Amino acid sequence: MTARRTKKATAKKATAKKVTAKKAPRMKAATAESAPAPARPPLTKEDAAAQLGIEQLRPEQEQVIAETLAGHDAVMIVPTGFGKSACYQIPSMLLPKPVVLVSPLLALLTDQHQKLVAANVPCVRLDGTVRGKARREAFERIEQGGSLLVMTTPETLLSAPLSEALQKCGVSLVAIDEAHCISEWGYDFRPAYRRLGGQIRALGQPPLLALTATAIGHVRETIVKSLRMRDPAVIAVSPHRSNLAFEVLPAEGDVRARVLVRLVKRLRRPGIVYCATRREVDMLWALLKRFRIPVHRYHGGMNATERSTEQRRYMRRGQRTVMVATNAFGLGIDKPDIRYILHYQSPASLEQYVQEAGRGGRDGKKANCILLYDPADREIHQALLNRSRIRPEQLFKLGAALEAWTDEQRSPSLEALALSAELGSRTTQALLSKIEEAGFATCEDSEIRVVDPSRSIEEDARSLAGQFERLRREDSRRLDLIGDYAVEPDCRATFLRAYFGEDADEPCGLCDVCRGKPRRPSGFFSPLAAPKPPERKKNDGRNRRGGRRGARRRSRGGRKRRGRRSGARPAAE
Ligand SMILES: [Zn+2]
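On a predicted model such as this, the values are computed, not experimentally measured, just so you know.

Asks: Pulling in residues and values, what's your account of the overall build of the chain?
Replies: Assigned secondary structure in the chain consists of 24 helices and 17 strands. Relative to its 573 residues, the chain shows a buried fraction of 44%. Considering only contacts in the chain between residues 6 or more positions apart, those separated by 24 or more positions represent 75%.

Structure, rendered in structure tokens:
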């Protein structure tokens, strides 16, 4: 990893201060072996880091930890795999009262909890899956107070038992992971995130740390506003890593699957292929299997057992297979040696693209990030977004229903309101959090009250609908930006850095533009020969040079990777 740049800008300090960090030290995973149990609690952050198995903190980590220890709010914008967990784990070992981590990712909570227990770090996990004795013990530990990391989900934090326990013992810091859930997927993904701001205030307004991988301008503003953060320091780590080789390949219609198969056969594994829809995941999974490529799949339509089995197999160390998945795969995964991230379709935003591409090459070695681009992808995303965004007419309905309740001087429960507005309870909750956020209504003790009954809540709801129109326009703009990236005439890494608010600097030297747009041989786009039936004769195995199928095994060495660049390999397929 080469020089990283740190950017810090507080709301007061208008000038951004830049620090050039020398080689970022690599982090060691916190395991029992690397972290022997200390005799007493650590006193310095260096001690705490050592207990977690971290040899040296990165400058950005140091900065965030310093802010939180000083009791300041902070927003950390950090690519996946950077080591953000140290930024709340270390304060939890040093601060006098519990530190609360809120994360929507159960797998991450479980995994981190195990590692911390092994490293002898005081922590408890509390989410919907923790029951019975384990749950009682967790609460007992929280009641004791002191230095402790309480790992939980937004829903559990909003529940009365945990909220009361934390009010009693006090809280030193609340860290909110995946903070962009407040804005980006927002109401339909995690409505509970929207209510965190109020809940945290009820905990005595402890300092806040918001962590997110993807936050640009207005997303950051929404996080700060929604969580009611006070003049937070903003610490951003560049989303671009210098070992990522970006490339865009135009591939429209039928050509796309052909190009994909050829790439997957050539590129060094392990790799991830991202698709926009489940249907496409299933289709590509079957197709690659036919070409006898070791392949796994992952999407929200599979049951939990299937998903975790596929993920486990893919994650196994040294496993060199391909994962075909929707964007449901990858949050919180940590596999350092992924050699390529291939997008079969354009993602919905550049934030999503950079986040997904950033899962490649975490070991610091080169990884390919290839986008198969078809301008028609935009329509698919537009349709998906139209479905997920709240529709203004739903808001009118809710406003009218709430107004009717208010006229009768009654405060409905969520269920009653949903029923009278003829909306699903999930939708109602989502809409309500919007109305709450705008300060038009409150939801306390499961009773919904209009803040100012003299105003027309129906009118207020209408004005809110205007905001949704704005969100729709923003969606469109994001989709346009993907197109801009795809046709970018200059270095792709520079384009991405500039988009995330960094000064554009020298070209990366690795992307397809910097390398002079290597052209694929025309055969690359031509129809595929049908896969041969399974090899039976011993001889076939050795016939690798001529046969494409055999070549796929060799391509791991990277020779083929370069081969495709030179274009020297004509349409052999
Ligand atoms: Zn470049």
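Asks: How would you explain the sheet that holds strand E14 (residues 340-343) if you had to name every residue and give the values?
Replies: With respect to topology, six strands assemble into an open sheet ordered E10-E15-E14-E11-E13-E12, the strand pairing being parallel. One side of each edge strand has no neighbouring strand; the edge strands of this open sheet are strand E10 (244-250) and strand E12 (295-298). Shown here is a sheet whose adjacent strand axes are inclined to one another by a mean of 15°, direction ignored. As defined by bridge partners, E12 adjoins strand E13 (residues 322-325) across four bridges and the pair is classed as parallel.

Asks: I'd like a rundown of the nonpolar core, residues and numbers included.
Replies: By size, the foremost hydrophobic cluster in this structure holds 67 residues, and its most contacted members are Met76, Val100, Ala175, Ile176, Leu209 and Ala210. Apart from residues lying up to four places away in sequence, alanine 210 is in contact with Val75, Ile176, Ala179, Ile223, Leu227 and Met229. In terms of nonpolar packing, the next biggest core, distinct from the first, is built from 58 residues, Ala251, Leu284, Leu350 and Tyr373 among them.

Asks: A description of the confidence of the model for the chain should follow, citing residues and the corresponding values.
Replies: Considering every residue of the chain, the mean pLDDT works out to 80; 81% of them sit at 70 or more. Of all the helices and strands in the chain, strand E2 (residues 17-21) carries the lowest mean pLDDT, 36, while E14 carries the highest, 97. Overall, residues 1-39 carries pLDDT values under 50, and its contacts beyond four positions in sequence, including any with other chains, amount to 73 contacts. Considering only residues more than four positions removed or in separate chains, one finds that residues 185-189, a stretch of pLDDT under 50, has nine contacts.

Asks: Give a description of the packing of helix H5 (residues 132-144) against helix H7 (residues 160-169) that names residues and reports values.
Replies: When two helices pack together, their arrangement is given by the angle between the helix axes and the distance between those axes. Close contact between H5 and H7 brings their axes to 8 Å; oriented N to C, the two are set at 25°. It follows that H5 is roughly parallel to H7 by the angle criterion. In contact with Phe139, Ile142 and Glu143 of H5, H7 contributes Ala165, Leu166, Lys168 and Cys169. Here the contact of H5 with H7 is built from residues that sort into five nonpolar, no polar and two charged.

Asks: So what's going on with the pairing of strand E6 (residues 149-152)? Residues and values would help.
Replies: Every second residue of E6 is oriented toward a common face, with Leu149 and Met151 on one face and Val150 and Thr152 on the other, all of them buried. Sheet analysis places strand E5 (residues 123-126) next to E6, joined by four bridges and oriented parallel. What sits directly across from cysteine 123, in E6, is leucine 149. Handedness of the E5-H5-E6 crossover: right-handed.

What counts and how
- Residues numbered from 1 in each chain as written.
- Predicted model: local features only at pLDDT ≥ 70, side-chain atom pairs only at ≥ 80, totals over all residues.
- Helix = DSSP H or I, 4+ residues; strand = E, 2+ residues; numbered from the N terminus.
- Buried ≥ 20, exposed ≤ 12 C-beta atoms within 10 Å, placed from the backbone.
- Contact = placed C-beta atoms within 7 Å.
- Pairing = 2+ DSSP bridges.
- Axes fitted to C-alpha atoms, helices over the stretch in contact; angles between N-to-C directions.
- Core = buried A, V, L, I, M, F, W, Y, C linked by C-beta atoms within 7 Å.
- pLDDT = per-residue confidence, 0-100.
- Parallel < 35°, antiparallel > 145°, perpendicular 65-115°, else oblique.
- Nonpolar A, V, L, I, M, F, W, Y, C, P; charged D, E, K, R; others polar.
- Right-handed = clockwise from strand over helix to strand, strands pointing away.

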